[in-house]
Amino acid sequence: MSKVKHLFHKGFTAVSEQSGLLLEISRLKSRITPLEDRNEALREELGQQIYRLWKEKAPLEATVEKFCTQMAANDREIQRLSREIDKLRRPEKPKEPQPQGIVCVCGALNRPHARFCARCGARLGELPAEEEPGAPQSEQDAATLP
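Residues numbered from 1 in each chain as written. Predicted model: local features only at pLDDT ≥ 70, side-chain atom pairs only at ≥ 80, totals over all residues. Heavy atoms only, no water.

Bringing the overall build of the protein into the picture now. Along its length, the protein carries three helices and two strands. Mapped in sequence order, the helices and strands of the protein form the string α-α-β-β-α. The buried share of the protein, reckoned over its 146 residues, is 14%. Put simply, of all contacts in the protein between residues at least 6 apart along the chain, 38% involve residues at least 24 apart. Surface summary for the protein: the accessible area is close to 12300 Å², and the carbon and sulfur share equals 56%. (Helix = DSSP H or I, 4+ residues; strand = E, 2+ residues; numbered from the N terminus. Buried < 20%, exposed > 50% of the residue type's maximum accessible area, 1.4 Å probe, protein only. Contact = heavy atoms within 4.5 Å. Areas by Shrake-Rupley, 256 points an atom, 1.4 Å probe, with all protein chains shown as cover.)

Let us now look at the nonpolar core. Counting residues in each nonpolar core, the largest one holds seven residues, listed as Ile-25, Leu-28, Ile-32, Leu-35, Ile-78, Leu-81 and Ile-85. It is helix 1 (residues 2-55) that contributes the most residues to this core, four residues altogether. Not counting the four nearest positions on each side in its chain, Leu-35 is found in contact with Asn-74, Glu-77, Ile-78 and Leu-81. If you look at the next biggest cluster of nonpolar residues, it comprises five residues, including Cys-104, Ala-108, Cys-117 and Leu-124. (Core = buried A, V, L, I, M, F, W, Y, C linked by side-chain atoms within 4.5 Å.)

Under the counting rule described, the total for this entry stands at six salt bridges. Put simply, Glu-56 and Arg-52 hold a salt bridge, and the shortest N to O gap is 3.2 Å. A residue is classified by how much of its surface remains accessible, and Glu-56, at 49% relative accessible area, is partly exposed. Between Arg-80 and Glu-77 there is a salt bridge, with its nearest N and O atoms 2.7 Å apart. You can see Arg-80 and its partner Glu-77 sitting in helix 2 (residues 61-89), three residues apart, about one turn around the helix. Bridged by salt links that share partners, the residues Arg-31, Glu-77, Arg-80 and Glu-84 form one connected network. (Salt bridge = Lys/Arg side-chain N within 4 Å of Asp/Glu carboxyl O.)

With that out of the way, let us pick up the confidence of the model for the protein. Scored by pLDDT, the protein has a mean of 82; 71% of the residues are at 70 or more. Least confident of the elements in the protein is helix 3 (residues 139-144), whose mean pLDDT is 48; most confident is helix 2, at 94. (pLDDT = per-residue confidence, 0-100.)

Further remarks concern the side chain of Asn-74. Along the chain, the position of Asn-74 falls in helix 2. What Asn-74 contacts, discounting residues up to four positions off in sequence, is Leu-35, Arg-38, Asn-39 and Leu-42.

This paragraph deals with the side chain of Asn-39. Looking at the element boundaries, Asn-39 is found in helix 1. Discounting chain neighbours no more than four positions away, the residues touching Asn-39 are Gln-70, Met-71, Asn-74, Asp-75 and Ile-78.

Attention shifts here to the packing of aromatic side chains. All told, the structure shown has one aromatic pair when counted by the stated rule. For the ring pair Tyr-51 and Trp-54, a centre distance of 6.0 Å and an interplane angle of 25° mean the geometry is stacked. In this pair, Tyr-51 and Trp-54 both sit in helix 1, three residues apart, roughly one turn of the helix. Exposure remark for Tyr-51: the relative accessible area of 48% places this residue in the partly exposed category. (Phe/Tyr/Trp six-rings, centres within 6.5 Å; stacked < 30°, edge-to-face > 60°.)

Right, let's get into unusual backbone geometry. Phi angles above zero are rare outside glycine, and Lys-57 is one such case at about 60°. Secondary-structure assignment places Lys-57 in the loop between helix 1 and helix 2.

Have a look at this one:
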């Protein structure tokens, strides 16, 4: 019975965490929607203002700058909120602990101060002869070295 209770609790905890995550994403999305709506309204109003000023042969730059500055600020906030949503959807994976010791070329993990591999006996901290830079790979290669 204890095992069932533990599994039930574990499942309940997972559902609670997922619900909280979805709630936070919904909250962030609810902050994005009005910003997008405001930008749409600003674009429409900007078009109307530009046309009105054009008909009056008035300068446009100040009006365009004012509207575009507001829309750019809204876009930055939308991007920030979208990045928060992305982080919630893809949480960072926990970093795997680094091995405590020396890994041999054979893949065995050895004590931190070991000189030789406990599995294959290779000297630790050195490349095998065939991988050492400049080392001859065969007698024929050795004969061709200067």
